[in-house]
Amino acid sequence: MARGERRRRAVPAEGARAVERAARGGPGRRDGRGGGARGAAGGAALAAVVLSLALGLSGRWALAWYRARRAVTLHSAPPALPPDSSSPAVAPDLFWGTYRPHVYFGMKTRSPKPLLTGLMWAQQGATPGTPKLRHTCEQGDGVGPYGWEFHDGLSFGRQHIQDGALRLTTEFVKRPGGQHGGDWSWRVTVESQASSTSALPLVSLFFYVVTDGQEVLLPEVGAKGQLKFIGGHTSELGDFRFTLLPPTSPGDTAPKYGSYNIFWSSNPGLPLLTEMVKSRLNSWFQHRPPGAPPDRYLGLPGSLKWEDRGPSGQGQFLIQQVTLKVPFSVEFVYESGSAQAGGNQALGQLAGSLLTHALESHAAAFRERFEKTFRLKEKGLSPGEQALGQVALSDLLGGIGYFYGQGLVLPDTGAEGSEQVVDPALFPPVPLFSGVPSRSFFPRGFLWDEGFHQLVVQRWEPRLTREALGHWLGLLNADGWIGREQVLGDEARARVPPEFLVQRAAHANPPTLLLPVAHMLEGGDPADLAFLRRAFPRLHAWFSWLHQSQAGPVPLSYRWRGRDAALPTLLNPKTLPSGLDDYPRASHPSATERHLDLRCWVALGARVLSRLAEQLGEAEAAAELGPLAASLEAEEGLDELHWSAELGVFADFGNHTKAVQLKPRSPQGLVRVVGRPPPRLQYVDALGYITLFPLLLRLLDPNSPRLGPLLDVLADSRHLWSPFGLRSLAASSPFYGQRNSEHDPPYWRGAVWLNVNYLALGALHHYGHLEGPHQAQAAKLHSELRANVVGNVWRQYQATGFLWEQYSDRDGRGMGCRPFHGWTSLVLLVMAEDY
């Protein structure tokens, strides 16, 4: 407490020193080349600090204001990606994509003001009242399983969606050409899987186009008042045309009778599209196929009048509804004016048999490339397991999104526990091209997830990984910080509770982006190395911020900032920045804590960046990072700070007692009760994933005396071993399976997680191939653990059709959110034994 009080009292003097440092170009060498963030925002911040001091204001408040400005100022290092890297001129084949992971099917351009397309559907008459309108992926809407059977990340995909007795198949294929990203076509097939065919359901599909500004949509009406096509023009896309083709029987050219409705309005805002369509489904229409009795259905007001005109520049929303009996297929074709003029017109419209051929050709190419890349058939995996691998990859690629917007940032005011109150501020508008953990529950970018995502993506399409890493490094602020959760744009913000919108500039996250960086270094691809050369200043700045800002109480120790306060309702205050959320830490948070996992992450970062600096010839950075890496990898230092002789394993250190539990107290509910012995400074007895981190990140020598005890703990079913993978917390721990509060069930307290099991398998594979006293044990454990993990994920996929967020260590069942196509897709690399 006295230490924190001294730090608070020292802040005013720090204010004067901050001005001096700022005048020299920043608080430190943050950008990897000897300079801090400068430019207009930095100059303005400096001027404001000087002015405030001249006016006699407190230096502490001036420093806080300066820090607040830096928190929302972009880093000055050159970008890792070329200018306009997302434009159709630079990357035409990536301009259009399924970059809206939160909707069941839709495409958009990689642009701050994109042209968006999407699909909604409803089964008419299945329930009384307004039919259930499907649009956005929701955890509890009863749809599922759903996911991509194939998706190559670039130009083709096939997805299956189960909605009750309906099975929808959505397919797309892109065709290059012109200067604006080329053409593309969709095919949506709807079939019934009900046992009876006496009453085939009547289904409405809704195809929509949304603009986000001054762009023009021009519907072209046919002779009978039906919409022939939608013309349009934007500055990025030039002239274009959308055409909804007449429905046919699946796999056939025989036409089927459809009833059409249309609605055209101002763009109400992307989060409001579903509700707008629901509110307009208020008129009854007759579906009258020739020679068949009519059916009633709810449809949109059938008019091409300009409805609900909004403010200028608000954008347009045009939606076409086609209603008919299943089974049927409908094709939706986008044609770029420049692509058509450049030769695509001579190829014929990408529809009908041409579209079928293109889809079949892409599917065959995908299968061939998949086996060549991952060799699952060659390794003896069953056809079902091979299909699981294809789904894991495809769902991950099909979940990549493009986001643009401004996040909310709470600046780092300096000393923890300071009485200073600062309001969140808006970060500058930034783009993000990133995978997402879950289309239904987490359809946005998460920093520590993304490193694991890119381990899979990189094996398939290294260019996509370079794009993703470059975008994430583009989020760097002037200090070198990246927010751990990116909520960018109205659609993303609408799905996040307000209390989770703000990112705190003092809080870190595991630097998992360095995992694919390490793989790039090992691969030696010239394109990867050219990217890493451009990215190095930003990677260095990010690592330097982590190393400095999360420094612990003694040299070469580290502590996650941002643990929850010790509230009376919490069994163990969570550590969200660590990514392991409710994994038990010291029972009483304090500045004395030393976090084992964080030290290992920093050691990994120093090792990777030191090697990168040497390879790039960055002598100054190599001279700084090399000794740091050597110090962090020295086992005597790790032992001194984290080896507990009493526990016989590595552990966190802090103010801790095991004598805590939740007990019912009226009227508060469950309340934490601390018994005896009282907390004291000691190693934290919480055997689990954190215990293994020196092993997981391969920081131990194969002859290390600490390797054997970690392998023994890992292999012991009383502790971490289960038939379904390694559990996150030992079954012997008093925290195992325990709630953290009355409303907060266990998360990282026993369940099996694929990302850490992948790290464990990689480490076992590594030590199983190095000579040493534990080589045979590591190799045997790798073989057994791989079989357990793959077998359980495959069984659960067979049973449910989903990859899951986590798996029960008791019976293997999938738990948490689904589909979780993020790091659970690592099961593919486990099958391929690619670590």
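Residues numbered from 1 in each chain as written. Predicted model: local features only at pLDDT ≥ 70, side-chain atom pairs only at ≥ 80, totals over all residues. Heavy atoms only, no water.

Asker: I keep staring at the overall build of the protein chain and nothing clicks. Help me out?
Answerer: Along the protein chain, the regular secondary structure elements total 21 helices and 31 strands. Taken over C-alpha atoms, the radius of gyration comes to 28 Å for the protein chain, in line with the 28 Å a tight globule of 835 residues would show. Counting the 835 residues in the protein chain, one finds 59% classified as buried. Restricting to contacts in the protein chain with at least 6 residues of sequence separation, those with at least 24 account for 71%. Just so you have it, the protein chain exposes about 31900 Å², and 54% of that area is on carbon and sulfur atoms. In the protein chain, 83 positive and 77 negative side-chain charges are present, and the distance between their average locations comes to 4 Å. (Helix = DSSP H or I, 4+ residues; strand = E, 2+ residues; numbered from the N terminus. Rg over C-alpha atoms; globule rule 2.2 N^0.38 Å. Buried < 20%, exposed > 50% of the residue type's maximum accessible area, 1.4 Å probe, protein only. Contact = heavy atoms within 4.5 Å. Areas by Shrake-Rupley, 256 points an atom, 1.4 Å probe, with all protein chains shown as cover. Lys, Arg positive; Asp, Glu negative; His and termini not counted. Charge placed at Lys NZ, Arg CZ, Asp CG, Glu CD.)

Asker: When you look at the environment of alanine 591 in this model, what are you seeing that I'm missing?
Answerer: Along the polypeptide, alanine 591 turns up in the loop between α13 (526-549) and α14 (596-616). Looking at alanine 591, the relative accessible area reads 38%, which means it is partly exposed. Residue contacts for alanine 591: discarding those within four places in its chain leaves Pro553 and Arg559.

Asker: Got a minute to help me understand the side chain of glutamate 805 in this structure?
Answerer: Residue placement: glutamate 805 occurs in the loop between α20 (775-800) and β30 (806-807). Arginine 818 provides the closest opposite charge to the buried, unpaired glutamate 805, separated from it by 10 Å. Reaching out from glutamate 805, the side chain makes a polar contact with the side chain of tyrosine 747 at a distance of 2.3 Å. In this view, glutamate 805 contacts Phe442, Tyr747, Trp753, Met815, Gly816, Cys817, Phe820, Trp823 and Thr824; residues no more than four positions away in its chain are not counted. (Salt bridge = Lys/Arg side-chain N within 4 Å of Asp/Glu carboxyl O. Polar contact = N/O pair within 3.5 Å; in protein donor to acceptor, adjacent residues only side chain to side chain.)

Asker: It is not clear to me how the packing of aromatic side chains should be interpreted in this structure. Could you clarify?
Answerer: Per the counting criterion, the structure on display carries 46 aromatic pairs. Centroid distance phenylalanine 240 to tyrosine 334: 5.9 Å. Interplanar angle 35°. Geometry classified as tilted. Residue phenylalanine 240 is located in strand β11 (residues 238-244), and its partner tyrosine 334 is located in strand β16 (residues 328-336); the two are separated by 94 residues in the primary sequence. For the pair shown, phenylalanine 240 and tyrosine 334 are each scored as buried. Judged by centre distance (5.1 Å) and plane angle (50°), the rings of phenylalanine 366 and tryptophan 460 are tilted. Taken together, the residues phenylalanine 366 in helix α7 (residues 352-374) and tryptophan 460 in helix α9 (residues 447-460) connect sequence positions 94 residues apart. Neither residue differs from the other here; phenylalanine 366 and tryptophan 460 are each classed as buried. Among the aromatic side chains, those forming a connected cluster through ring pairs are Trp96, Phe105, Trp148, Phe172, Trp184, Trp186, Phe207, Phe240, Phe242, Phe332 and Tyr334. (Phe/Tyr/Trp six-rings, centres within 6.5 Å; stacked < 30°, edge-to-face > 60°.)

Asker: Explain α7 here, please?
Answerer: Along an α-helix, residues three or four apart share an orientation, since each turn contains 3.6 residues. Between its first and last C-alpha, α7 extends 33 Å over 23 residues, near the 33 Å set by a 1.5 Å rise per residue. Among the residues of α7, Leu355, Ala358, Leu359, Ala363, Phe366, Phe370 and Phe374 are the ones counted as buried. Trailing α7 by a residue or two, arginine 375 shows a phi angle of about 55°, which is positive. (Expected span 1.5 Å × (residues − 1).)

Asker: So what exactly am I meant to see when it comes to the sheet that holds strand β7 (residues 183-192) here?
Answerer: Adjacent strands of a sheet pair through backbone hydrogen bonds, lying either parallel or antiparallel. What the eight strands build is an open sheet, ordered β4-β5-β6-β7-β16-β11-β10-β9; its pairing is antiparallel. Sheet topology places β4 (146-151) and β9 (216-221) at the edges, where each strand pairs with a single neighbour. Taken pair by pair, the neighbouring strands of this sheet meet at an average axis angle of 15°, ignoring direction. Bridge analysis of β7 against β16 gives seven bridges, and the strand direction is antiparallel. (Pairing = 2+ DSSP bridges. Axes fitted to C-alpha atoms, helices over the stretch in contact; angles between N-to-C directions.)

Asker: I would appreciate a short explanation of the pattern of salt bridges in the present structure.
Answerer: Close approach of charged atoms allows side chains of opposite charge to pair. Taken as a whole and assessed by the stated rule, the structure comprises 31 salt bridges. Of the charged contacts in the structure, one is a salt bridge between aspartate 93 and arginine 463, with a shortest N-O distance of 2.7 Å. Here aspartate 93, found in helix α4 (residues 92-95), pairs with arginine 463, found in helix α10 (residues 462-473); they are 370 residues apart in sequence, far enough to count as distant. With a shortest N-O distance of 3.6 Å, aspartate 295 and lysine 325 are connected by a salt bridge. Taken together, the residues span a long stretch of sequence, with aspartate 295 in strand β14 (residues 295-299) and lysine 325 in strand β15 (residues 316-325) at a distance of 30 residues. Because the salt bridges share partners, they merge into one network encompassing Glu149, Arg158 and Glu171.

Asker: Would you explain the environment of glycine 182 in this entry?
Answerer: Looking at the secondary structure, you find glycine 182 in the loop between β6 (166-175) and β7. Distance from glycine 182 to tryptophan 96, taken between C-alpha atoms, is 8.5 Å for residues 86 residues apart in sequence. Among all residues touching glycine 182, those that are not within four sequence positions of it are Arg175, Pro176, Gly177, Tyr334, Ser336 and Ala339.

Asker: Even after reading the chapter, I still don't get the sheet that holds strand β19 (residues 425-426), so can you show me in this structure?
Answerer: Strand order in the open sheet formed by three strands is β19-β18-β23, with mixed pairing between adjacent strands. The outermost strands of the open sheet, each flanked by one partner alone, are β19 and β23 (502-504). As paired strands, strand β18 (residues 408-410) and β23 are joined by three bridges and run parallel to one another. Paired with valine 409 across the two strands is glutamine 503, which belongs to β23.

Asker: Sorry, what's going on with the side chain of aspartate 809 here?
Answerer: Looking at where aspartate 809 falls in the secondary structure, it is placed in the loop between β30 and β31 (814-815). Within the local environment of aspartate 809, its side chain forms a polar contact with the side chain of arginine 727, the two groups lying 2.8 Å apart. Engagement of the side chain of aspartate 809 in a polar contact is seen with the side chain of tyrosine 736, the distance being 2.6 Å. If we ignore the near neighbours within four places in the chain, the residues touching aspartate 809 are Ser722, Pro723, Phe724, Arg727, Tyr736, Gly750, Ala751 and Val752.

Asker: Would you take a moment to explain unusual backbone geometry for this structure?
Answerer: Outside of glycine, negative phi angles account for most residues, and trans bonds account for most peptide bonds. A cis amide bond, omega 0°, links glycine 144 with the succeeding residue proline 145. Along the chain, the position of proline 145 falls in the loop between β3 (116-124) and β4. The amide bond that connects arginine 676 to the next residue, proline 677, takes the cis arrangement and shows omega of 5°. Tracing the chain through its elements places proline 677 in the loop between β28 (669-674) and β29 (680-683). Backbone geometry places leucine 556, a non-glycine residue, at a positive phi of 65°.

Asker: Would you mind going over helix α18 (residues 707-715) with me for this structure?
Answerer: Buried within α18 we find Leu707, Gly708, Leu710, Leu711, Val713 and Leu714. Check the buried side of α18 and you find it contacts β25 (649-650), α17 (693-696), α19 (754-767) and α20.

Asker: When you look at the nonpolar core in this model, what are you seeing that I'm missing?
Answerer: The nonpolar side chains of soluble globular proteins are, as a tendency, buried together. Ranked by internal contacts, the top residues of the largest apolar core, which has 203 residues, are Leu205, Phe207 and Leu539. With 13 residues, the top contributor of residues to this core is α14. Each residue touching phenylalanine 207, except ones within four places of it in the same chain, is listed here: Gly118, Leu119, Trp186, Val188, Leu244, Leu318, Ile319, Gln320, Val322, Val330 and Phe332. Counting residues in hydrophobic clusters, the runner-up holds 16 residues, among them Phe206, Val210, Leu273 and Leu281. (Core = buried A, V, L, I, M, F, W, Y, C linked by side-chain atoms within 4.5 Å.)

Asker: Whenever I open this one, the confidence of the model for the protein chain confuses me. Can you help?
Answerer: Detailed reading of predicted coordinates is not advised where the pLDDT is low. Confidence in the prediction for the protein chain averages 91 pLDDT; 90% of positions are at 70 or higher. Taken as a whole, residues 1-42 scores under 50 in pLDDT and shows 66 contacts with residues more than four places along the chain or in a different chain. (pLDDT = per-residue confidence, 0-100.)

Asker: Is there a simple way to explain the pairing of β6 in this structure?
Answerer: Along any regular strand the residues' side chains alternate between the sheet's two faces. Burial analysis of β6 places nine of its 10 residues in the buried class, the great majority of the element. The pairing of strand β5 (residues 156-163) with β6 spans eight bridges and is classified as antiparallel. Note that in β6 the partner of glutamine 162 across the bridge is arginine 167. Count of turn residues in the β5/β6 antiparallel hairpin: two residues, of which glycine 164 carries a positive phi of about 65°. As judged from the 10 bridges shared by β6 and β7, these two strands associate in the antiparallel manner. Residue pairing across strands places threonine 169 opposite threonine 189, the latter belonging to β7.

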